[in-house]
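# Residue-level structural notes
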Amino acid sequence: KPVRVYKKGLKRDSQGSYIELSFITPEIGRKWQSLIEELERQTWWNIRINPNPNQNEVLRLARRLLEGEGLFVKKNPSFLQVDKAVKVIPDKTWEEESFNQVKDVFSKQTGYQLIIG
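Structure report, in brief. Predicted, not measured: the structure shown is a model, and the values here were computed from it. (Residues numbered from 1 in each chain as written. Predicted model: local features only at pLDDT ≥ 70, side-chain atom pairs only at ≥ 80, totals over all residues. Heavy atoms only, no water.)

### A word on helix 3 (residues 55-68)
End to end, helix 3 covers 20 Å across 14 residues, agreeing with the expected 20 Å (1.5 Å per residue, within 8%). Turning to helix 3, its buried residues are E57, V58, L61, A62, L65 and L66. Projection of helix 3 onto a plane perpendicular to its axis shows the buried side chains occupying an angular sector of 165 degrees, all on one side. Elements in contact with the buried residues of helix 3: strand 4 (78-80), strand 5 (85-88), helix 4 (96-110) and strand 6 (113-116). Backbone geometry just after helix 3 places G70 at a positive phi near 80 degrees. (Helix = DSSP H or I, 4+ residues; strand = E, 2+ residues; numbered from the N terminus. Expected span 1.5 Å × (residues − 1). Buried < 20%, exposed > 50% of the residue type's maximum accessible area, 1.4 Å probe, protein only. Arc of directions from axis to C-beta. Contact = heavy atoms within 4.5 Å.)

Below, the structure written as structure tokens:
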């Protein structure tokens, strides 16, 4: 499938053992819930999605997408976990259409929003 699993591991809690899959964000992992449920049926393992996002990869993706469109930031993007967003500060005026394209791609790849702060 066109989604990357960043990490997988065997975990254990009070309910027993399970496999934990880490995606760029749990929101992206949940998009594949039906496939994960099918894997559970086939393997007889409980499979869970890591509830924590890969913050470093989310920030790297934001910067890579922006710079790919010639949109540069004054300082490193800020990760806003509660808001499910990444805040960026443009180094100069950005073309709105280019930023909107990046926002759309970023949202599809992370489930998070890219905002100007």
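### Structural notes on the nonpolar core
Counting 18 residues, the largest nonpolar core has L66, V86, V88, W94, F99, F106 and L114 as its most contacted members. Looking at this core, the elements with two or more residues in it are helix 3, strand 5 and helix 4. If you tally residues by element for this core, the top one is helix 3, at five residues. The residues contacting F99, other than those within four sequence positions of it, are L66, L71, V88, W94, L114, I115 and I116. One finds L21, F23, I36 and I47 within the second-largest nonpolar core, a separate group that totals five residues. (Core = buried A, V, L, I, M, F, W, Y, C linked by side-chain atoms within 4.5 Å.)

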